[in-house]
Amino acid sequence: MENSAITSVSGHAIVLRGNDIDTDRIIPARFLKTVTFDGLDANVFFDDRAAMRRDGGVHPFDAPASIGATMLIVNKNFGCGSSREHAPQALYRRGFRAVVGESFADIFFSNSLMIGLACVSLGADDIESLMKIVEGNPALVVAVNLESGVATAGGKSWPIQLPPHARHALISGQWDGAGLLLQNYADVEAVDAKLPYSF
Amino acid sequence: MAQTLFEKVWNQHAVRQLPTGQTQLYIGLHLIHEVTSPQAFDMLRARGWTVRAPHRTFATVDHIVPTASVARPFQDAMAEQMTAALEKSCLEHKIPLFDLSSGRQGIVHVIGPELGLTQPGMTIACGDSHTSTHGAFGALAFGIGTSQVRDVLASQCLAMTPLKVRRISVSGNLAAGVYAKDIILTIIQRLGVEGGVGFAYEYAGDTIERLTMDERMTICNMSIEGGARIGYVNPDETTADYLAGRLFAPIGANFVAAKKRWAALASDPGARYDDEVSFRAEEIAPTVTWGTNPGQSIGVGDRLPAGADPDSLAFMGFRAGQPIAGTKVDVAFIGSCTNGRLSDLREAARVIAGRKVAPNVRAMVVPGSQAVRKAAEKEGLHEIFQAAGFDWRGAGCSMCLAMNPDRLNGSEVCASSSNRNFKGRQGSPTGRTLLMSPAMVAAAAIEGAVVDVRKILTLEGR
Ligand code: SF4
């Protein structure tokens, strides 16, 4: 299957502060009771949002400015915990096309990449400036250029970090690599044949 | 050149370098379960692909299955639908399924080793982050997402980036009442929940070498809670002894040959590591989490740190500086892929024997597999638990993630032998989880509060 090349992503953003936001929070386990990924977007951060409402606050995902947001700005170790792909799927289906953060958990990062959700990193200070700028003006367009490796917003710009394989996969449109793995399958069979174990 | 186990196993399974720069890695064993596979089978069907190596694929049901009545159809229509979907896919693709009637069903990370499917030197993948458990055998075992489950089904391969290796050595003698769970909680506390991102953790040192396979599994299991996608222990005699005679393990001359091969997989002396850290076993105490991630833990005799994260404190209803001992608990849960094996139940039963669960505490034991349950019953452990007031359940994930009816209510506090204390993890958005060893959970159940297990029972040192 051919995927489209993703060279840049832009749009307005949601700022979600906090380190170690785990995938149980992004999509609580009871919403995994489904055989499809459809409709997950409605329940993204369900419990966090309910808790905020109960305390009289407004979760960033419920703020009026969140409607139509395509960029999510986070802190450290975003997506840690459970390997559930439901987490990036829920974010993607909610309209996000990039997550900009200080760092990401390994499995969340690879799950996101497989569905074309770009996760790019900025230094801690840069994330803080970006968060402040967006919080000051939620309508601002945040742009991430994967080719030039730069994030921009409100006339400022910051260098992004993206592992070379992820950059290559996104800008060449090979982010869903299943097709690649099936090419020249004789090579795979050769590895299999040499394995010392079987069942 | 001297190599780590990681390098040896990786190289043996590397097919080629992909245009993205990643490695196409062959997967020797693929384990699947009902929650993260239905969408993967749908993607496969949508593309007209088939399962490439059904003989390297094994399935079970664990996450959503009820642990009380398992009569079909399940009361929960969604649990029924997800289980039926897996049954249909397994039938269609000729994948062996260890279902509830098999006598071999259980948490995927408990039954893999138990059946002898998990062996040293393999690459293993499963749509579950705690796949790191299987590393206890000297395998490279990766937790993956659903699109990657599809990739493995279709191609028996994954696109992966090699990991750095951090050698974590633990040496010295564990004090009485201190367990593998305390070792890994201490490691995560020190290195951080993000400290292992990009790393494989190699656990070594004389303390680790003396651990049983069950204990090594507890440690490797929680590698992911430290951010490391995989963790492993070099295979040795203990590993081979565990596998001898297991259903899918090699037998006779094949076993002898395999044993030799397994021993050679261990990291060579002089192998280069990207990082090395060490721990002293004597310094590890029975450990309890106080916060909302597994790195937020202290010794049971300690007070919450002065600089404790305010958000975690608020959620847990704790104050910085307060002791963790004495915290009232409402629920006690013994089970999960971290601590739901026979030895875990034995240790908990030793604490409970002849005692009673405190009034107002709801206590349950959920064996990690049907085989664990059966073996425990053969030893009479279920009677000890039941006499104390524990609920004795069927096998599954149960209250580790609460996708079945076992869950916390409101802001109940749960002493839990599982692996995650995330907000909402045990089924109630405001429920609170304190992670600890099974013996400590047993002690908390009796006391009705967090207590040092060593006060309940004088155990022998090791
Ligand atoms: S017991 Fe818990 S952590 Fe282990 S596989 Fe089941 S849900 Fe995941």
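Residues numbered from 1 in each chain as written. Chains lettered and ligands numbered in written order. Predicted model: local features only at pLDDT ≥ 70, side-chain atom pairs only at ≥ 80, totals over all residues. Heavy atoms only, no water.

## With respect to the overall build of chain B
Per the secondary structure count, chain B includes 17 helices and 19 strands. Based on the C-alpha atoms only, the size of chain B along its principal axes is roughly 55 × 55 × 45 Å. Counting across all 462 residues of chain B, residues that qualify as buried make up 66%. Long-range pairs, those at least 24 residues apart, make up 75% of the contacts in chain B between residues at least 6 apart in sequence. Looking at chain B as shown, the accessible area adds up to about 15,000 Å², and 52% of this sits on carbon and sulfur atoms. Within chain B, one finds 46 positive and 44 negative side-chain charges whose respective centroids are separated by 2 Å. (Helix = DSSP H or I, 4+ residues; strand = E, 2+ residues; numbered from the N terminus. Buried < 20%, exposed > 50% of the residue type's maximum accessible area, 1.4 Å probe, protein only. Contact = heavy atoms within 4.5 Å. Areas by Shrake-Rupley, 256 points an atom, 1.4 Å probe, with all protein chains shown as cover. Lys, Arg positive; Asp, Glu negative; His and termini not counted. Charge placed at Lys NZ, Arg CZ, Asp CG, Glu CD.)

## Observations regarding the overall build of chain A
Looking only at helices and strands, chain A features 8 helices and 7 strands. For chain A, the C-alpha radius of gyration of 18 Å lies close to 16 Å, the compact-globule estimate for 199 residues. Its C-alpha atoms give chain A principal-axis dimensions of roughly 60 × 40 × 25 Å. Look at the contacts in chain A between residues 6 or more apart in sequence, and 70% of them connect residues 24 or more apart. Looking at chain A as shown, the accessible area adds up to about 7,700 Å², and 51% of this sits on carbon and sulfur atoms. Taking the average location of the 16 positive side-chain charges in chain A and that of its 22 negative ones, the two points are 7 Å from each other. (Rg over C-alpha atoms; globule rule 2.2 N^0.38 Å.)

## Here we look at the packing of aromatic side chains
Counted according to the given criterion, the structure contains 16 aromatic pairs over all chains. Ring centres of B:F58 and B:F98 lie 6.3 Å apart, and the angle between their planes is 5 degrees; on these two criteria the pair is classed as stacked. Of this pair, B:F58 sits in strand β4 (residues 57-60) while B:F98 is found in strand β5 (residues 97-98), placing the two residues 40 residues apart along the sequence. We note that B:F58, like B:F98, is buried. Residues B:F58 and B:F248 carry aromatic rings whose centres are separated by 5.3 Å and whose planes lie at 70 degrees to one another, so their mutual orientation is edge-to-face. With B:F58 in strand β4 and B:F248 in the loop between α9 (237-243) and α10 (252-265), this residue pair connects regions lying 190 residues apart in the sequence. Here a set of aromatic residues connected by ring pairs shows up, and it is made of A:F199, B:F58, B:F98 and B:F248. The ring of A:Y185 carries B:R52 above its face, with NZ or CZ at 3.8 Å from the centroid. For the cation-ring pair, B:R166 lies above B:F199, with the distance from its terminal atom to the ring centre recorded as 4.1 Å. (Phe/Tyr/Trp six-rings, centres within 6.5 Å; stacked < 30°, edge-to-face > 60°. Lys NZ or Arg CZ within 6 Å of the ring centre and 35° of its normal.)

## Topic: the side chain of B:N421
All names here are of chain B. On the secondary structure map, N421 appears in the loop between β18 (413-416) and β19 (432-435). Overall, N421 belongs to the buried group, its relative accessible area being 2%. A distance of 3.0 Å separates a polar side-chain atom of N421 from the backbone oxygen of G291. Engagement of the side chain of N421 in a polar contact is seen with the backbone oxygen of N293, the distance being 3.0 Å. (Polar contact = N/O pair within 3.5 Å; in protein donor to acceptor, adjacent residues only side chain to side chain.)

## Here's the deal with the site of the ligand
Residues and elements named next belong to chain B. Around the ligand, the neighbouring residues are H63, I107, H109, D128, H130, S336, C337, C397, C400, L401, N419 and R425. Partitioning the shell around the ligand into residue classes produces 5 nonpolar, 5 polar and 2 charged. Structurally, the shell around the ligand is a two-domain feature, drawing no fewer than three residues from each of domain 1 (5-160) and domain 3 (287-460). (Near = heavy atom within 4 Å. Nonpolar A, V, L, I, M, F, W, Y, C, P; charged D, E, K, R; others polar. Domains from an automatic or database assignment.)

## Brief notes about the packing of helix α3 (residues 86-93) of chain A against helix α4 (residues 106-114) of chain A
Residues and elements named next belong to chain A. The contact between α3 and α4 brings their axes to 9 Å, and the two run at 45 degrees. The angle between the axes of α3 and α4 places the two elements in the oblique class. Considering how the two elements wind past one another, α3 and α4 form a crossing that is right-handed. In this structure, α3 uses A87, P88 and L91 to contact α4, whose residues at the interface are F108, N111 and S112. Looking at the contact of α3 with α4 residue by residue, the classes come out as 4 nonpolar, 2 polar and no charged. (Axes fitted to C-alpha atoms, helices over the stretch in contact; angles between N-to-C directions. Parallel < 35°, antiparallel > 145°, perpendicular 65-115°, else oblique. Left-handed = near helix turned anticlockwise from the far one by under 90°.)

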